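Each chain, letter by letter, is given below.
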Amino acid sequence: MDYQSTRSASVRATSAQAVLNGLAPDGGLYTMPSLRDIQFNYPDVLGLDTLSMATVILSALLPDYPEEEMAKLVRSGYADKFETDDLTPSAAVGEDTVLELFRGPTSAFKDVALSMLPRLMTAARSKCGFTDEILILTATSGDTGKAAMEGFCDVPGTKIIVFYPDGGVSPVQKAQMTTQKGSNVCVCAVRGNFDDAQTGVKRIFAAVRDEKLLDGSGVSLSSANSINIGRLAPQVVYYFRAYADLVRAGRIHTGDKVDYVVPTGNFGDILAGYFAKEMGLPVGRLVCASNANNVLTDFLRTGHYDRRRPFYQTVSPSMDILVSSNLERLLYLLSGDDSLVAGLMEKLSACGSYDVPAEMLAKLKELFWAGFCDDEGTKAAIGKVWRDYHYLCDTHTAVAWDVAQQYKRENPDHNPVVILSTASPYKFPAAVLEGIGETARGDEFAVMEQLHAVTGVPVPKNLAGLREREVLHRDVIAPEEMLSYVLEKAGKKNW
Ligand SMILES: *Cc1c(COP(=O)(O)O)cnc(C)c1O
């Protein structure tokens, strides 16, 4: 029993159960009691290729999976699916390093985790003696749905249904999803907004559980969202990869500290950096970069978390989040106090805010630095990085780049800085074009071509030619029809 709930130390699970369950039964997140127990000698992994590095790190984080087995899962999850064998290459941009997490099959950083999760789940299924087929349900505002479909595509023992708001995703995101191949994938538009789709999915989980609608059917529902430890663990690897690349490039010596700047939404990506640090990697500061939805900036500066604030739709939409679920794991790991965490989470849901004790705030400030950048600053950063370094970055990366410069200005004793880059500029082509001083013309597909014509930066293979690809999914339903849609699909052997 290596894992427990953040809200109750007596709710325990093996790492395989934690992957299979996603959320702990008491509503908490699964965590190891401490990461200090899985520290290892990090210089040993720095010389490894990325897949071998991933094997060692993932086996340490998920002890039910021995290295020999993990090596096979890592290979089937990643090999030949990313643009480079490194999976996540680094690029020097001025005096900083940009860690490119978007070289996967859908050009989103979520690919790193969602390529592995299905493999971890199917292995967990046999470890736990679970014979049901796993049916994944996801509501998406665009990116996660596509990355999840790509990850689960043709993985035996699994099926996936993705719901997206009809008219609520970009034309490129819609085309990415509706042209998805695979005999076990399904995507369906819901007449409504993202909240309607997400509420619909939550209702299905509740109805199926309470009314036992799928009992005896050989099918069990599960989710692929970012609180699953099987999504967090694969993200730890690229902190080591980037460090090894800096050593290889002669930009640091082994043992030097490195600061990582992370564009943050649900706090999964940056928490993985904290895991890497606790496992022994010489991480200096973790810098949390937010857009105008700067709830985390305020929290990390004051210890006061308050989600009662205006919600802004920004040009970096994957960071438009007011409740960062993965933060709960950090609160537990810093305090080791399950009842404290349970209490804070209760306050958050009852009153929308909480304050952490002074000792925890002191620890937070030592580990993290936080800043934010609004849309105007984001576009200005895209322009500056392009003009000064001829490097084209997306809107989320631009937020991180701007906050990195703020951080360096205010902390002259900083370490070498790695900026995590979470999306291809071609996923947000209009804002990127504006950033480099051009006017976007035509639909999003045309704007992608325009961006390529102006910059010469290659369009990722999965995005080029998207418009010509055959549309395979056309279903559009009302929110009230979602449950019957799922039950009907669950009852069919072949889709
Ligand atoms: C999901 C996402 C983020 C935020 O990552 P978290 O783990 O939720 O903090 C940042 N940028 C992009 C492009 C994303 O898709």
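Heads up: these notes are all about the structure in this document. Just so you know, these numbers come straight off a predicted model, no measurement behind them. (Residues numbered from 1 in each chain as written. Predicted model: local features only at pLDDT ≥ 70, side-chain atom pairs only at ≥ 80, totals over all residues. Heavy atoms only, no water.)

## Considerations on the overall build of the protein
Basically, it comes down to this: Under the scheme used here, helices are H or I runs from DSSP no shorter than 4 residues and strands are E runs no shorter than 2 residues, and both carry numbers assigned from the N terminus. What the globule rule says is 2.2 Å times the number of residues to the power 0.38, and the radius of gyration is computed from C-alpha atoms. Buried means the residue's accessible area, taken with a 1.4 Å probe over protein chains only, is under 20% of the maximum for its type, while exposed means over 50%, and partly exposed covers the values in between.
Within the protein, the secondary structure is distributed over 20 helices and 16 strands. A compact globule built from 495 residues would reach a C-alpha radius of gyration of about 23 Å, and the protein, at 22 Å, matches this within 12%. Dimensions of the protein, computed from the C-alpha atoms along their principal axes, are close to 60 × 55 × 50 Å. Across the 495 residues of the protein, 58% fall into the buried class.

## Here we look at the sheet that holds strand β2 (residues 12-13)
Adjacent strands of a sheet pair through backbone hydrogen bonds, lying either parallel or antiparallel. Basically, it comes down to this: Pairs of strands are assigned from DSSP output, requiring at least two bridges between the strands.
Spatially, β2-β1-β3 is the arrangement adopted by the three strands of the open sheet, whose pairing is antiparallel. The open sheet has two edge strands, β2 and β3 (30-31), and neither has a second partner. In this structure, strand β1 (residues 3-5) lies alongside β3, joined through two bridges in antiparallel fashion. Among the inter-strand pairings, Q4 is bridged to a residue of β3, identified as T31.

## Focus: helix α15 (residues 358-367)
What counts, and what does not: In this description, one arc is meant: the one made by directions from the helix axis to the C-beta atoms. Working rule for contacts: check all heavy atoms of both residues, and any pair within 4.5 Å makes them a contact.
Of the positions making up α15, those classed as buried are M360, L361, L364 and L367. The arc enclosing the buried residues of α15, seen along the axis, measures out at 130°, which places them on a common side. α15 presents A358, E359 and E366 as exposed residues on the side facing more than 90 degrees away from its buried surface. Against α11 (268-278), β11 (283-290), α12 (295-302), α13 (327-335), α14 (338-351) and β14 (368-372) lie the buried residues of α15.

## Description of the site of the ligand
Note the threshold: Throughout, near means a residue has at least one heavy atom within 4 Å of the molecule or strand. In protein, a polar contact means a hydrogen-donor-capable atom and an acceptor-capable atom, both N or O and within 3.5 Å, with residues adjacent in sequence counting only if both atoms are side-chain atoms; elsewhere, any N or O pair within 3.5 Å suffices.
Taken together, the neighbourhood of the ligand is formed by 14 residues, with K110, G265, N266, D269 and T422 sitting nearest. One nitrogen or oxygen atom from the main chain of F267 is found 3.1 Å from an oxygen atom belonging to the ligand. Within the side chain of S318, one N or O atom sits 3.3 Å away from an oxygen atom of the ligand.

## Regarding the pattern of salt bridges
Basically, it comes down to this: In the sections that follow, a salt bridge refers to a side-chain nitrogen of Lys or Arg positioned within 4 Å of a carboxyl oxygen of Asp or Glu.
Applying the stated criterion to the full structure yields 21 salt bridges. Here D96 ties to K408 by a salt bridge, and the two come within 2.7 Å at their closest N and O atoms. Here D96 is found in strand β5 (residues 96-100), whereas its partner K408 is found in helix α17 (residues 395-410), with 312 residues between them in sequence. The pair formed by D96 and K408 is uniform in burial state, with each residue classed as buried. The salt bridge involving D143 is made with K427; its shortest N-O contact spans 3.1 Å.

## Considerations on α12
The complete set of buried residues in α12 reads V295, L296, T297, F299 and L300. Next to the buried residues of α12 lie β11, β12 (304-306), α13, β13 (353-355), α15 and β14. Just downstream of α12 lies G303, where phi reads positive at about 80°.

## A word on the pairing of strand β9 (residues 219-222)
Of the two faces of β9, the one lined by V219 and L221 and the one lined by S220 and S222 are each fully buried. In this structure, strand β6 (residues 133-139) lies alongside β9, joined through four bridges in parallel fashion. Residue pairing for β9: E133 is matched across the bridge by V219.

## Examining the environment of R308
With respect to the helices and strands, R308 occurs in the loop between β12 and α13. Under the relative-accessibility criterion, R308 is labelled exposed at 51%. Between the alpha carbons of R308 and Y65 there is a distance of 41 Å; along the sequence they are 243 residues apart. Ignoring anything within four residues of it in the chain, the contact list for R308 reads C351, G352 and S353. A distance of 2.9 Å separates a polar atom in the side chain of R308 from a polar atom in the side chain of D306. Polar side-chain contacts of R308 include one of 3.3 Å to the side chain of S353.

## Some words on the packing of helix α3 (residues 50-61) against helix α4 (residues 67-78)
Two measures define how a pair of helices packs: the angle their axes make with one another and the distance between the axes. Rule in force here: To get an axis, a line is fitted to the C-alpha atoms, and for a helix only the part in contact is used. The angle between two axes follows their N-to-C directions and goes from 0 to 180 degrees. Relative orientations are named as follows: roughly parallel for angles under 35 degrees, roughly antiparallel for angles over 145 degrees, roughly perpendicular for angles from 65 to 115 degrees, and oblique for any other angle. Note: crossing handedness is left-handed where the near helix turns anticlockwise from the far helix by less than a right angle, and right-handed where it turns clockwise.
Put simply, α3 and α4 touch, their axes get as near as 9 Å, and they point 130° apart. When the axis of α3 is compared with that of α4, the two are oblique. Where α3 crosses over α4, the two elements pack in a sense that is right-handed. Residues L51, A54, T55, V56, L58 and S59 of α3 form the contact with α4, whose own contacting residues are E67, M70, A71, V74, R75 and Y78.

## Examining the packing of aromatic side chains
So the rule is basically this: Aromatic pairs are defined between Phe, Tyr and Trp rings, using the six-membered ring for Trp, whenever the two ring centres lie within 6.5 Å; interplanar angles under 30 degrees are classed as stacked, those over 60 as edge-to-face, and all others as tilted. Look at NZ for Lys and CZ for Arg. If either is within 6 Å of the ring centre and within 35 degrees of the ring normal, a charge sits over the ring.
This structure, assessed with the given rule, holds 11 aromatic pairs. Among the aromatic residues, those joined into a ring-pair cluster are Y238, Y239 and Y260. For the cation-ring pair, R301 lies above W369, with the distance from its terminal atom to the ring centre recorded as 6.0 Å. Note that K489 overlies the ring of W495, its terminal NZ or CZ placed 5.3 Å from the centroid.

## Regarding unusual backbone geometry
Excluding glycine, residues mostly carry a negative phi; peptide bonds, for their part, are mostly trans. Positive phi is not limited to glycine here, since D80 has a value of about 65°. Examined against the element boundaries, D80 turns out to sit in the loop between α4 and β4 (90-93). We classify D80 as exposed; its relative accessible area is 80%. One non-glycine residue, H390, lies in positive phi territory at about 55°. Mapped onto the elements of the fold, H390 is located in the loop between α16 (375-389) and α17.

## Re the sheet that holds strand β16 (residues 476-477)
Overall, parallel pairing links the five strands, which are arranged β9-β6-β7-β8-β16 in an open sheet. A strand with exactly one partner marks an edge of an open sheet, and here the two such strands are β9 and β16. Direction of pairing for strand β7 (residues 158-165) relative to strand β8 (residues 185-190): parallel, over a ladder of six bridges. Bridge pairing in β8 links I161 to C186. The strands touched by helix α8 (residues 171-178) are β7 and β8; relative to β7, the strand with the most contacts, the crossing angle is about 155°.

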